[in-house]
Amino acid sequence: MFDKLHDHCGVFGIYGHPEAANLTYLGLYALQHRGQESCGIVASDGTKLRAYRGMGLVADVFKNDATFEGLPGPNAIGHVRYSTAGGSDVKNCQPIMVDYHRGSIAVAHNGNLVNAQEIRNGLEQEGAIFSTIADTEVIIHLIARAQCDSLADRIAEALKVVKGAFSLVFLTETRLVAVRDPNGFRPLLLAKLGGSYVVASETCAFDLIEAEFIREIEPGEMVVINKHGLKSYFPFGKVNPSPCIFEFIYFARPDSTIFGTQVYPVRKEFGRQLAREHGIDADVVVPIPDSGVPAALGYAEESGIPFQLGLIRNHYVGRTFIEPQQTIRHFGVKLKLNPVRDVIAGKRVVVIDDSIVRGTTARKIIKMIRNAGAREIHVRISSPPTSFPCYYGIDTPTRKELISSSHSIEEINRYITSDSLGYLSREGMRAAAGAPGGSCGHFCDACFSGFYPVKFPRLKSDSQLGLF
Ligand code: SF4
């Protein structure tokens, strides 16, 4: 609940189920944490695609039964989106759906393309017209222009041009295609529900509809699903995968399994490692709910200091109070959190959260805990300092706004007014994320390290970003 980075999106798709749109709605409901600004579903009855999209939460946009009557057919894809500044408009809602000379196609995208603007500029100069600001639309244009005969080849040809992060789900009249970029930045998983195939950003979506999780869609893999079954392709050149380590730190739900491991034990291990690296004499370990809870449990177990819910979160605060405006944000902290005086008063408190972005919210929460009578406040963060922006589908503030990019840990400690501050080390984080069951040894951790696994083609050198 210290100010957060936001994931851009979550995707879902199902092929061959009589209640495809309804199940997509439920899948999106489970993925709501990945994006709350807008959502949409496109369904196919085998001959025609139909779409319904809107601004707001899934339960609000799809509140009428009549909406589902307008989305008939056994195949559907869906999308939840967190929009960045300037993009908060219904025309940017996904899935994007278009008609072109080979039929209709819809796409839902989780991730961000680092060369989208460059490609878009070229296409616009050739006369292409764009109706959204989404980099996803670039992919649609490239598919429409591809000369290959098969859909799989057209999609592969288009995706060989783009660079960056993409977990994509496409729907045509008769096929569903799911693709993950060669680096595998964002998760994408496969399940079965009876005879139907299901794909989703996280396994929590499968759990809700009682689909059986089969496996991850591999980095660089494309699966094409039609009435004959599923075929897998690897159309891209092989690179070392670099899944996003922040999915483990914050974005994914703790009950999900991604990158070969359930999130919850990894998040707890971050807390254990944090206790080993930054132990302190204290009376109570208090998480910032909900994001700090698993790491705080790990910290408490490792340190032997009792875990207590010293801050209670109001779960019913609407989006109105967490709009990104300074004046309202101040109000928002008090609306969202309230200290439990009996837990905190007179105590030496270890406060745990997963990250500090700007530091402004952390400062207000520390003040709130101090006012509740804490004797000492020791802040422990279950990830390293977030010093660099993300270009792979996470909404980060500019580098200037990231407090860690320009302040030392001691300066941040003074700013947020804690008695001490400790961050998990990069080595400790990587070791904990590679814990039992982990299939990906080489995570992207560019927002901590500045080492970007996919470079930025439009820049002559990385130094132009001011990153190194
Ligand atoms: S830069 Fe950070 S948030 Fe972005 S993909 Fe890499 S680890 Fe994830």
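Residues numbered from 1 in each chain as written. Predicted model: local features only at pLDDT ≥ 70, side-chain atom pairs only at ≥ 80, totals over all residues. Heavy atoms only, no water.

S.K.: Which residues make up the packing of helix α5 (residues 136-145) against helix α6 (residues 151-161), and what values go with them?
M.R.: Closest axis-to-axis distance for the α5/α6 pair is 8 Å, and the angle between their directions is 130 degrees. Here α5 lies oblique to α6, going by the angle between them. Seen along the crossing, α5 lies across α6 with a hand that is right-handed. Together, Ile139, Leu142 and Ile143 of α5 and Arg154, Ile155, Ala158, Leu159 and Val161 of α6 make up the contact between the two elements. Classifying every residue of the contact of α5 with α6 by side-chain character gives 7 nonpolar, no polar and 1 charged. (Axes fitted to C-alpha atoms, helices over the stretch in contact; angles between N-to-C directions. Helix = DSSP H or I, 4+ residues; strand = E, 2+ residues; numbered from the N terminus. Parallel < 35°, antiparallel > 145°, perpendicular 65-115°, else oblique. Left-handed = near helix turned anticlockwise from the far one by under 90°. Contact = heavy atoms within 4.5 Å. Nonpolar A, V, L, I, M, F, W, Y, C, P; charged D, E, K, R; others polar.)

S.K.: Requested: an account of the nonpolar core, with residues and values cited.
M.R.: Membership of the largest hydrophobic core comes to 71 residues, with the highest contact counts inside it found for Phe12, Ile41, Phe62, Val198, Phe248, Phe270 and Tyr392. No other element matches helix α1 (residues 20-30), which puts 6 residues into this core. Excluding its chain neighbours within four sequence positions, the residues that come into contact with Phe248 are Ile258, Phe259, Thr261, Val263, Val266, Arg267, Phe270, Ala433 and Phe443. If you look at the next biggest cluster of nonpolar residues, it comprises 31 residues, including Ala158, Val162, Phe166 and Phe236. (Core = buried A, V, L, I, M, F, W, Y, C linked by side-chain atoms within 4.5 Å. Buried < 20%, exposed > 50% of the residue type's maximum accessible area, 1.4 Å probe, protein only.)

S.K.: I'd like a rundown of the sheet that holds strand β14 (residues 229-233), residues and numbers included.
M.R.: Whenever strands of a sheet pair, they do so through backbone hydrogen bonds, lying parallel or antiparallel. Taken in spatial order, the 6 strands line up as β6-β7-β8-β9-β13-β14 in an open sheet, and their pairing is antiparallel. This sheet does not close on itself; its edge strands, each paired only once, are β6 (96-100) and β14. Strand-to-strand twist in this sheet, taken as the mean axis angle between neighbours without regard to direction, amounts to 20 degrees. Sheet topology places strand β8 (residues 167-171) next to strand β9 (residues 176-180); 5 bridges connect them, and they run antiparallel. Residue pairing in the sheet places Phe170 in a bridge with Val177 of β9. Across the sheet, α5 lies against β6, β7 (103-110) and β8, angled at about 20 degrees from β6, the strand it touches most. (Pairing = 2+ DSSP bridges.)

S.K.: Outline the side chain of Ser449, supporting the account with residue identities and numerical values.
M.R.: Note that Ser449 resides in helix α17 (residues 446-449). Among the residues examined, Ser449 registers a relative accessible area of 13% and is labelled buried. Here Phe451 takes part through its backbone nitrogen, which lies 3.1 Å from a polar atom of the side chain of Ser449. Residue contacts for Ser449: discarding those within four places in its chain leaves Phe388 and Arg426. (Polar contact = N/O pair within 3.5 Å; in protein donor to acceptor, adjacent residues only side chain to side chain.)

Scope: geometric values only; no functional claims are made or implied.
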